[in-house]
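Next come the chains, spelled out residue by residue.
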Amino acid sequence: MTSQVELIVEKFLTKRVEELGLSAPLTPSTAVLDAGLLDSLALVDLITEIEKTTGLEADILLFDPSEITTVEDLIHQLKQVFAS
């Protein structure tokens, strides 16, 4: 089952792809940093959007940006951050 966090991330990144005018399709293996889809400000916006939409609060101490390379990695990290 697709989690609410996963749906929000996919919607957020799809919007970023459109805003940035990128032509590559968004897949679980899309590189979020190398492709320019995610920077520190976009990450804050994404976490804020998840908090606002779900009513959950992020445990940011669990977040490890060094573990994020792909969309799949980002979703995994955010699921951990919002699971506690």
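Located above this text is the structure these notes cover.
Once a new chain begins, its residue numbering starts again from 1 and follows that chain's sequence as written. It should be noted that, the model being predicted, local features are given only for residues of pLDDT at least 70 and side-chain atom pairs only at 80 or more, the latter also being counted only at that level, while totals for whole chains, interfaces and linings use all residues. Note: side-chain values were computed over all heavy atoms of the structure, leaving out hydrogens and water.

Draft legend 1. Region of the structure containing the overall build of the chain. Only DSSP runs of H or I with at least four residues qualify as helices, and only runs of E with at least two residues qualify as strands; both kinds are numbered from the N terminus onward. On a plain count of helices and strands, the chain comes out with 3 helices and 0 strands. Tracing the chain from N to C terminus, the helices and strands come up as α-α-α. Restricting the calculation to C-alpha atoms gives the radius of gyration, and the globule rule supplies 2.2 Å times the number of residues raised to the power 0.38. Taking 12 Å as the expected radius of gyration for a compact globule of 84 residues, we find that the chain reaches 12 Å, a close match to that expectation. The principal-axis extent of the C-alpha atoms belonging to the chain is close to 35 × 25 × 25 Å. For this analysis, residues touch if any pair of their heavy atoms sits within 4.5 Å. Contacts in the chain between residues at least 24 apart in sequence constitute 61% of all its contacts with a sequence separation of at least 6. Of the roughly 5,300 Å² that the chain leaves accessible, carbon and sulfur atoms contribute 55%. Counting 5 positive and 15 negative side-chain charges, the chain places the averaged centre of each group 9 Å from the other. To measure how exposed things are, a 1.4 Å probe is used in the Shrake-Rupley method; for residues, cover is taken only from the protein chains shown. Counted charges follow a simple rule, with Lys and Arg positive, Asp and Glu negative, and His plus the chain ends left uncounted. The location of each charge is read from NZ of Lys, CZ of Arg, CG of Asp or CD of Glu.

Draft legend 2. Region of interest: the environment of K79. Counting through the fold element by element, K79 comes out in helix α3 (residues 71-83). Beyond its immediate chain neighbours, meaning those up to four positions away, K79 contacts S3, V5 and E6.

Draft legend 3. Just the nonpolar core, in detail. Definition of nonpolar core: a set of buried residues of the types Ala, Val, Leu, Ile, Met, Phe, Trp, Tyr and Cys, connected through side-chain atoms within 4.5 Å. To sort residues, take the accessible area from a 1.4 Å probe on protein chains only and compare it with the maximum for the residue type: under 20% means buried, over 50% means exposed, and anything in between is partly exposed. If you look at the biggest cluster of nonpolar residues, it comprises 23 residues, and the most contacted ones within it are V9, L13, L46, I50, L74, L78 and F82. Elements with a minimum of two residues in this core: α1 (4-20), α2 (40-54) and α3. With sequence-adjacent residues up to four places away left out, V9 is seen in contact with L46, I50, L74, I75 and L78.

Draft legend 4. Examining the pattern of salt bridges more closely. Just to be clear on terms, a salt bridge is a Lys or Arg side-chain nitrogen sitting within 4 Å of an Asp or Glu carboxyl oxygen. Counted according to the given criterion, the structure contains 2 salt bridges. Between K79 and E6 there is a salt bridge, with its nearest N and O atoms 3.5 Å apart. Taken together, the positions of K79 in helix α3 and E6 in helix α1 put the pair 73 residues apart, joining distant regions of the chain. Its relative accessible area of 18% is what places E6 among the buried residues. Here E49 ties to K52 by a salt bridge, and the two come within 3.5 Å at their closest N and O atoms. Of this pair, E49 and K52 both sit in helix α2, separated by 3 residues, roughly a single helical turn.

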